[in-house]
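Residues per chain, in single letters:
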Amino acid sequence: MAIQIRKLTKHIGAEISGIDITKPLDDAAFAPILDAFNENSVLVFHDQDLSDDQQVAFSQHFGALETTVQSNVGGGTYIANISNVDPETDKILPVDDWRIVYNSGNEMWHTDSSFKPVPALASLLTGREVPPEGAETEFGSMRAAYAVMSPEEQARLEGLIAVHDFTYSRGLVDPNLLNEEHRNETPPVHQAVVRTNPTNGKKSFYTASHASHIIGWPVEEGRAFLKDLVARATQPEFTYSHKWQAKDLVIWDNRCVLHRGRSWDKARYRRVMHRTTVAGDGPTAPPA
Ligand code: OGA
Ligand code: MN
């Protein structure tokens, strides 16, 4: 049976229906999903009651998975638990618990793992328990924002390399959040400012909360420039806001979209999300 694809906005996002992804899929069944991913940058599936193992199995169709380094509220080898619930006690964590503060870094516009030498290709997030209000995940298309730039603006981006630094971005949340060990785990890395989707040749700029500055430019100038790119990609016409229902799966293309989580009443409502992350296939720039 053919899947149905319904665009959610003009530039970003599509809802996929007519498929049960809790079941094993063969390559022929996966191919149209991969095409839709490369075309729409964000895919939404409803009513997929996935176990962790099923989520991992489906995610592996996109490629090898990242292992979780900092799954601070528990998880597994491949599952990052993005949650305000203590896995030990099953109680809501206090809002000033460092794990909650740490995860609030996800409320800045970012793209996953851009602070790693090989940044993530895709992320797959499932809503296990979702609050009745707030906690939307928003997406902004860097590809669509790139496409409307003038040829001169596009040419200016060509060949630029940005420094992405987890210590810098989490420092914006709280300068004392990361200890020495955390900082040593994530030294600054280099990322290309322009990326091309190898399957369709579509170009995009590439930045994130983790992007600190541009190599060869004065730090403040590069920072302001990167901030402007974020502002362009997150204009309403280039964004999609996902209002979660339990059993939703949302997949995004980290090469060309920014995303952020919106806040919610964290003292009142439980939110438990499981993420798998598909590794990229190589560095985007020569190593730092
Ligand atoms: C993530 C992320 C935002 C959210 O899982 O990578 O940024 O809404 N999540 O939970
Ligand atoms: Mn994220």
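Please refer to the structure higher up on the page.
Notes on the structure follow. What you see is a predicted model; the values in this text were computed from it and never measured. (Residues numbered from 1 in each chain as written. Chains lettered and ligands numbered in written order. Predicted model: local features only at pLDDT ≥ 70, side-chain atom pairs only at ≥ 80, totals over all residues. Heavy atoms only, no water.)

### Side note on the coordination of the manganese ion (ligand 2)
Octahedral six-donor coordination of a metal ideally yields angles of 90 or 180 degrees, compared with 109.5 degrees for tetrahedral four-donor coordination. Condition: A 2.8 Å cut-off from the metal defines N, O and S donors, relaxed to 3.2 Å for Na, K and Ca; water is not in the atom list, so some sites may appear incomplete. With a 1.4 Å probe rolled over the protein chains alone, any residue whose accessible area is under 20% of its type maximum counts as buried; one over 50% counts as exposed, and the rest are partly exposed.
H110 (NE2), D112 (OD) and H259 (NE2) make up the full set of protein donors to the manganese ion (ligand 2), lying at 2.1 to 2.2 Å. Assessed through its relative accessible area of 4%, H110 is described here as buried.

### Comments concerning the pattern of salt bridges
Selection rule: Salt bridge, as used here, is a side-chain nitrogen of Lys or Arg placed within 4 Å of a carboxyl oxygen of Asp or Glu. Helical segments are the DSSP runs of H or I of at least four residues, strand segments are the runs of E of at least two, and each set is numbered from the N terminus.
Under the criterion given, the structure shown has 19 salt bridges. Between D86 and R99 there is a salt bridge, with its nearest N and O atoms 4.0 Å apart. Taken together, the residues span a long stretch of sequence, with D86 in the loop between β4 (80-83) and α3 (98-103) and R99 in helix α3 at a distance of 13 residues. Here the two residues D86 and R99 agree in accessibility, since each one is buried. Here R232 and D228 are joined by a salt bridge, their closest N and O atoms 2.9 Å apart. On the criterion of helical spacing, the pair formed by R232 and D228 is a turn pair, its members being four residues apart in helix α8 (residues 219-233). Residues participating in the shared-partner salt-bridge network are D86, D97 and R99.

### A word on the sheet that holds strand β12 (residues 239-242)
The test is simple: Note: two strands are recorded as paired if DSSP finds a minimum of 2 bridges between them. What counts as an axis is a line fitted to C-alpha atoms, over the stretch in contact for a helix, and the angles between N-to-C directions run from 0 to 180 degrees.
Strand order in the open sheet formed by three strands is β12-β6-β14, with antiparallel pairing between adjacent strands. A strand with exactly one partner marks an edge of an open sheet, and here the two such strands are β12 and β14 (257-261). Looking at each pair of strands side by side, their axes are set apart by 15° on average, direction ignored. Pairing between strand β6 (residues 137-141) and β12: four bridges, direction antiparallel. Within β12, the position partnered with G140 by the bridge is T239.

### Quick look at helix α6 (residues 166-173)
Each α-helix turn comprises 3.6 residues. Residues three or four places apart therefore point the same way. What counts is decided by this rule: Working note: the arc is built from the helix axis to C-beta atom directions. Contacts are assigned to residue pairs with any non-hydrogen atoms lying within 4.5 Å of each other. Throughout this description, a polar contact denotes any pair of N or O atoms lying within 3.5 Å of each other; where both atoms belong to protein, one of them has to be capable of donating a hydrogen while the other can accept it, and for residues adjacent in sequence the pair is counted only when both atoms sit in side chains.
Among all positions in α6, only F166, S169 and R170 are buried. Seen from one end, α6 has its buried residues packed into an arc of 90°, which puts them on one side. On its buried side, α6 packs onto α3 and β7 (161-164). Residue D165 occupies the N-cap position of α6, its side-chain oxygen lying 3.0 Å from the main-chain nitrogen of T167.

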